[in-house]
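Tertiary structure, described
Spelled out, the chains give:
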Amino acid sequence: MINIDKDYIIKLRREIHMYPEVDYDLPKTVALVKRELESIGVPYTEKYGKGSVVGYINPDKTDFTIGIRADMDALRMTEANDCEYRSRHDGMMHACGHDAHTAILLGTAKALKEIESTLSCRVKLVFQPSEEGVTSGAIMMIENGVMEDIDIMTGLHVGTSVDVGKLGVCPGVSSASSRHFKIEVGGKSVHATAYHKGVDALAIAVKMYEGLQSIFANEVDPKERVVCRVTKLHSGTAQNILPDYALMQGTIRTLNVPLSGFIHDRMQKLASSLSELYGVEIKVHAPLKSTCVYNNPYLSELMMKSMEKVVGKENVVKVEFGMGSEDFSRFTDIVPSVFFRLGTRNAEKGITQVAHQVDFKVDEDAFVYGAENFVQFVLDNQNGVDIEKAKEADERAN
């Protein structure tokens, strides 16, 4: 019998929700995670990088290790919800459900600790910063060695694409790669009436924008799943001065990682061409943050078997891939992994908002299913999985 403390998870989620923090600067959230791990007797370390915590169930059992990840950071948004636990931090909000992810993993830790002596494997509880940030907290933790002793990895994401009471998974590629770009254009300020003596950084930025659109119109196969959007263009200080600086930011999402590299290369060449033409400096910064989340087909089958025990076969759904991104992908690049969807949609309660909206909500009744599924997956696979079978499944899928 799996014992999940539903009230415990909800209480923690609301506390985390009230004090959202962003990127790697998560002092209150990290303190809460450490407080709870200490209270339930789970040892932990902070050695894998700023804003991270990793707890251990059965730390001395090293033959087989299952990693479970939760991201902890929030977004720079102002919450519009009117509830007693709305954000107390101005301009910050948990609008993507990471507060729920963190609370669910703590609830999972509590349940696993109760049965720790009966488990034959080790479980590594990975609390990660900066999933939403410009730089990836997953990459930081990997570079600091968090994956060196993990054999398989799992995690979840809440979502209103699936109804509460249901669990979903998308075998194979399930989300897009992500490359955030920042383009800085130099120029020369001058009074607008003497424009011929200056260099208009805004005008050059507009040409950069048009050039990016041309790449997609003429050089990218229309069958490709790809998004490249400029989401910010800022320039100028006054109505009668040519701007000497322009900032352009945006994102590239694709299910084809090499295509993302091609677009980045063309972006660099376009910047070099305009830089030479106008005699200005144009800087392009566009690192690949997330690859595509890849759910190992064999592990996906194992996950769905666990899901059936938790919510019943009729409530297990296959989710279609999407153009969103997740730096959980960095873990899937290293070991066989599976990332599942926890349904939190409830139209009767008015909970239908998609992530990154100022009125984003989740149905808290769903949390128990996420924690129970994590525990069930550990129970079902504590004696190890057939890694060769997982590799063969990857080869067949590719």
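In the block above lies the structure referred to throughout.
Residues numbered from 1 in each chain as written. Predicted model: local features only at pLDDT ≥ 70, side-chain atom pairs only at ≥ 80, totals over all residues. Heavy atoms only, no water.

1. A look at the overall build of the chain
A count of helical and extended segments in the chain gives 10 helices and 17 strands. A principal-axis box enclosing the C-alpha atoms of the chain has dimensions of 80 × 50 × 45 Å. Residues counted as buried form 54% of the 398 residues belonging to the chain. As presented, the chain carries roughly 17500 Å² of accessible surface, and 48% of it is formed by carbon and sulfur atoms. (Helix = DSSP H or I, 4+ residues; strand = E, 2+ residues; numbered from the N terminus. Buried < 20%, exposed > 50% of the residue type's maximum accessible area, 1.4 Å probe, protein only. Areas by Shrake-Rupley, 256 points an atom, 1.4 Å probe, with all protein chains shown as cover.)

2. Things to note about the pattern of salt bridges
Pairing between side chains of opposite charge can happen when the charged atoms of each approach one another. All chains considered together, the criterion is met by 24 salt bridges. Here D221 makes a salt bridge to K223, at a shortest N to O gap of 3.3 Å. Judged by relative accessible area, which is 35%, D221 ranks as partly exposed. Given a relative accessible area of 70%, K223 falls into the exposed group. For K349, the salt bridge identified is with D363, shortest N-O distance 3.1 Å. Taken together, the residues K349 in the loop between β17 (337–345) and α9 (367–381) and D363 in the loop between β17 and α9 connect sequence positions 14 residues apart. On the basis of relative accessible area, K349 is assigned to the partly exposed category, the value being 47%. Members of the salt-bridge network, linked through shared partners, are R13, R14, E84, D99 and E364. (Salt bridge = Lys/Arg side-chain N within 4 Å of Asp/Glu carboxyl O.)

3. Let's talk about helix α3 (residues 98–114)
Taking 1.5 Å per residue as the helical rise, α3 with its 17 residues ought to reach 24 Å, and the 25 Å between its terminal C-alpha atoms agrees with that figure. For α3, the buried fraction is high: 14 of the 17 residues fall into the buried class. (Expected span 1.5 Å × (residues − 1).)

4. Considerations on the layout of surface pockets
Considered as a void within the structure, the largest pocket measures approximately 1400 Å³ in volume. In terms of lining residues, the largest pocket is bounded by 50 residues, among which C96, E132, R253, S325 and H356 are the most central. Contributions of two or more residues to the lining of the largest pocket are made by β5 (152–163), β6 (167–169), β8 (177–186), β10 (226–235), β12 (245–254), β14 (288–290) and β17. No other element matches β5, which puts 5 residues into the lining of the largest pocket. (1 Å grid on protein atoms, 1.4 Å probe; cavity = no way out; pocket = protein on both sides within 12 Å on 5 of 7 lines; lining within 4 Å. Points joined across faces, edges and corners; volume = space filled by probe spheres on them.)

5. A word on the side chain of N296
Relative to the assigned elements, N296 resides in the loop between β15 (294–295) and α7 (297–311). We classify N296 as buried; its relative accessible area is 1%. At a separation of 3.0 Å, a polar atom in the side chain of N296 contacts the main-chain amide nitrogen of Y298. When near neighbours in sequence (up to four residues on either side) are disregarded, N296 contacts P336, S337, A390, A393 and D394. (Polar contact = N/O pair within 3.5 Å; in protein donor to acceptor, adjacent residues only side chain to side chain. Contact = heavy atoms within 4.5 Å.)

6. Concerning the environment of H356
With respect to the secondary-structure elements, H356 resides in the loop between β17 and α9. We classify H356 as partly exposed; its relative accessible area is 38%. In sequence terms H356 and H94 are 262 residues apart; their C-alpha atoms lie 8.5 Å from each other. Those residues in contact with H356 that sit more than four places away from it in its chain are L75, M77, A95, C96 and E132. Here the side chain of H356 touches E132 through a polar contact of 3.3 Å, side chain to side chain.

Read these as layout, nothing more, since geometry by itself doesn't imply function.
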